[in-house]
Amino acid sequence: MKVGLVGYQGSGKSTLFHWLSGCPPDPSAHLGQVVSVPIPEPRLEQLRELYQPKKVTPASLELVDTPGLSRSHQGNAAKLAVIREADCLVLVVAAFDGCDPALDWRSFEEDLLLADMEVVTGRISRVEASLKKPLPRQEHDSLQHELRALQEVLAAMESGRPLRHSEMSEDQLRATRAFRLLTEKPRMVFFNTRETVEVPPAWIDGLPPGIPVVAAPAALELELSQLSPEDRAEMAAAYALEPDLRDKILRQMIDAAGWLTFFTVSPKEVRAWLLRKGGTAIEAADTIHSDMARGFIRAEVMTVRDLVRLGGEREVRAQHLLRHEPKDYVVQDDDVIYIRFSS
C-alpha cells in the first residue's frame, strides 16, 4: 500500500515524512522519496503473548515524500504525477505563522483538478488524432465511444466539479481507469501546527465530508522522537502532546485508504497483512501466497478479539467461534485466517 505526502513548499511536509518514517529527507530525490514504514499494531503484541512465536512481522506501507508544490500552480501537475499510483493522499497544510490553512487545502484541490484535466485532455487529443486516420470499423467505434466518455468527464472537471468514483458511469470509469485520477483518491488532511491545538471550524469549512483530519506540531514531534524514551515522555507531557500520535496517524492512513488488517498465526510466525476493504478470502490467500489462492479449499476464521477474550485458540474452538468460510467470504478487520489449500 502506498501513501503520498503532498503539500506546498514550506508546509513542513518533509518534516512530517521524517517523523513518520524515521528517515531524513533526501534533497536529491527530485521525483519523490519512498520509504517502507512498518505499521504499529497493538494486536500483534496481544497475539505474541498468546502464541510466543519465533517471529513477529508487522504489515508495512510505502510512504512517498513528493516534491513541494508551488502556490502559483506552475509545474505542479508534473510533480503530482509521481503519486498517481498512491492508494491515499495526505495533504500537509501549514497552520502556523499567519498561514491560511483553509485557503491552502482549497488551492490544493484545484491543483489535483488541474493535474487530472491535463491527463484527460492529453488523451482526448490522442484519440481525436487517431480518429482522423483510416481504422477498422470496430476500432473506430471503440475510440468514438471512449472520446464521448472522456469529453463528459472533462466537461465536469471544467465546471469545477470533479466526478467521484461513485458518480461515474461504467463508460467513464472504463475510459479513465488507467489514469488513476488524483481527484478520485481517498485522502486525509494533516494541519502542521507549532503547538498542540484543536482544529478550528474555519480550517475545515467546506472540506469534503468523510475526510479524516489531524492537527499536530510535526517539527516538535520529530524533535521529541529523537530523545530517550524517558525524556520524550517528560517533554510530551509538558507540551500536552497526544501519546503515540505517530502510531495512530499511520494506522489512520490505512483506514483512510480503504484498507484493513488481517492476521495469520503459528508458533513460527505471527503476522499482520493488509487487504482492501471488501476483499475476499481468496484475495487474502493470494496476498499471503499465490499457491494458496490456486489451491484454495476454505478459510478458517476467528478474531483477535475472541482469542484475547477467551485466552487462546483451543477456547475459541470450544466456543464454536472458529468459522469455515468459502472463497467469496468478505474479510473483516481483526480476522485471524488460516487458509486450507491443496498443493
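Reading guide: rules and limits
- Residue indices follow the written sequence of each chain, beginning from 1 at its first position.
- In keeping with the predicted nature of the model, local features appear solely for residues at pLDDT of at least 70, side-chain atom pairs appear and are counted solely at 80 or more, and the whole-chain, interface and lining totals rest on all residues.
- Hydrogens and waters are ignored; side-chain quantities use all the structure's heavy atoms.
- Note on definitions: salt bridges are taken to be side-chain nitrogens of Lys or Arg within 4 Å of carboxyl oxygens of Asp or Glu.
- Only DSSP runs of H or I reaching four residues or more are called helices, and only runs of E reaching two or more are called strands; each is numbered from the N terminus.
- Note on exposure labels: buried denotes an accessible area under 20% of the residue type's maximum, exposed denotes more than 50%, and partly exposed covers the range between, all computed with a 1.4 Å probe on protein chains only.
- To get an axis, fit a line to the C-alpha atoms, keeping to the stretch in contact for a helix; angles then go from 0 to 180 degrees between the N-to-C directions.
- Roughly parallel here means an angle under 35 degrees, roughly antiparallel means over 145, roughly perpendicular means 65 to 115, and every remaining angle is called oblique.
- Each crossing gets its handedness from the near helix: less than a right angle anticlockwise from the far helix is left-handed, clockwise is right-handed.
- Two residues qualify as a contact provided that any one of their heavy atoms is within 4.5 Å of a heavy atom in the partner residue.
- Ten residues, namely Ala, Val, Leu, Ile, Met, Phe, Trp, Tyr, Cys and Pro, are considered nonpolar, four, namely Asp, Glu, Lys and Arg, are considered charged, and the remaining ones, Gly among them, are considered polar.
- Each polar contact in these results corresponds to two N or O atoms within 3.5 Å; when the atoms are within protein, one needs to be able to donate a hydrogen and the other to accept it, and residues that are neighboring in sequence are counted only if both atoms are side-chain atoms.
- Within this analysis, the arc is defined by the directions that extend from the helix axis to the C-beta atoms.
- Each Phe, Tyr or Trp ring, with Trp reduced to its six-membered ring, pairs with another whose centre is within 6.5 Å; inter-plane angles below 30 degrees give stacked pairs, above 60 give edge-to-face pairs, and intermediate values give tilted ones.
- Over a ring means this: the NZ of a Lys or the CZ of an Arg is within 6 Å of the ring centre and within 35 degrees of the ring normal.
- Strands were regarded as paired on the criterion that DSSP finds at least two bridges between them.

### Observations concerning the pattern of salt bridges
Next up, step 1: Taken as a whole and assessed by the stated rule, the structure comprises 26 salt bridges.
Next up, step 2: The partner of Glu146 in a salt bridge is Arg123, with the nearest N and O atoms 2.8 Å apart. You can see Glu146 sitting in helix α5 (residues 137-158) and its partner Arg123 sitting in helix α4 (residues 101-131), a full 23 residues away along the chain.
Next up, step 3: Judged by its relative accessible area of 17%, Glu146 falls in the buried class.
Next up, step 4: Given the relative accessible area of 23%, Arg123 is considered partly exposed.
Next up, step 5: Ionic pairing is found between Glu300 and Arg317, a salt bridge with its closest N-O pair at 3.8 Å. With Glu300 in strand β10 (residues 296-303) and Arg317 in helix α14 (residues 313-318), this residue pair connects regions lying 17 residues apart in the sequence.

### Quick look at the packing of α4 against α5
Next up, step 1: The N-to-C vectors of α4 and α5 enclose an angle of 155°; their axes lie 9 Å apart at closest approach. Between α4 and α5, the angle is such that the two are roughly antiparallel. Of the two possible hands of crossing, α4 and α5 adopt the one that is left-handed. Residues Leu113, Asp116, Met117, Val120, Thr121, Arg123, Ile124, Val127, Glu128, Ser130 and Leu131 of α4 lie in contact with α5, whose contacting residues are His140, Leu143, Gln144, Glu146, Leu147, Leu150, Gln151, Leu154, Met157 and Glu158.
Next up, step 2: Looking at the contact of α4 with α5 residue by residue, the class counts come to 11 nonpolar, 5 polar and 5 charged.

### A word on the side chain of Arg187
Next up, step 1: You can see Arg187 is positioned in strand β6 (residues 187-192).
Next up, step 2: Here the side chain of Arg187 touches Glu109 through a polar contact of 2.9 Å, side chain to side chain.
Next up, step 3: Of the polar contacts made by the side chain of Arg187, one reaches the backbone oxygen of Lys185; its length is 3.0 Å.
Next up, step 4: Ignoring sequence-local partners within four residues, the contact set of Arg187 consists of Cys88, Leu89, Glu109, Leu112, Arg164, Leu182, Ile211 and Pro212.

### Focus on helix α11 (residues 281-288)
A turn of α-helix holds 3.6 residues, and therefore any two residues three or four places apart point the same way.
Next up, step 1: Those residues of α11 that sit buried are Ala281, Ala284, Ala285 and Ile288. Buried residues along α11 cover an arc of 100° about the axis, so they all sit on one side.
Next up, step 2: On its buried side, α11 packs onto β8 (259-264), β9 (269-276), α12 (290-294), β10 and β12 (335-341).

### Focus: the packing of aromatic side chains
Next up, step 1: Inspection of every chain in the model, using the stated rule, returns 2 aromatic pairs.
Next up, step 2: With 6.4 Å between their ring centres and 15° between their planes, Phe262 and Trp273 make a pair best called stacked. With Phe262 in strand β8 and Trp273 in strand β9, this pair connects stretches of sequence that are 11 residues apart.
Next up, step 3: Taking relative accessible area as the criterion, Trp273 reaches 12% and is therefore assigned buried.
Next up, step 4: Between the NZ or CZ atom of Arg271 and the centre of the ring of Trp273, over which it lies, the distance is 4.0 Å.

### As for the sheet that holds strand β4 (residues 60-65)
Backbone hydrogen bonds hold the strands of a sheet together, and the pairing may be parallel or antiparallel.
Next up, step 1: Spatially, the 6 strands line up as an open sheet ordered β2-β4-β1-β5-β6-β7, and their pairing is mixed. Every interior strand has two partners, whereas the edge strands, β2 (33-38) and β7 (213-216), have only one. Pairwise comparison of adjacent strand axes, ignoring direction, gives a mean angle of 25° for this sheet.
Next up, step 2: Pairing of β6 with β7, which is carried by 4 bridges, proceeds in the parallel orientation. For Phe191, the partnering residue across the bridge sits in β7 and is Ala215.
Next up, step 3: Sheet contacts for α4: β1 (2-7), β5 (88-94) and β6; angle to β5, the most-contacted strand, approximately 140°.

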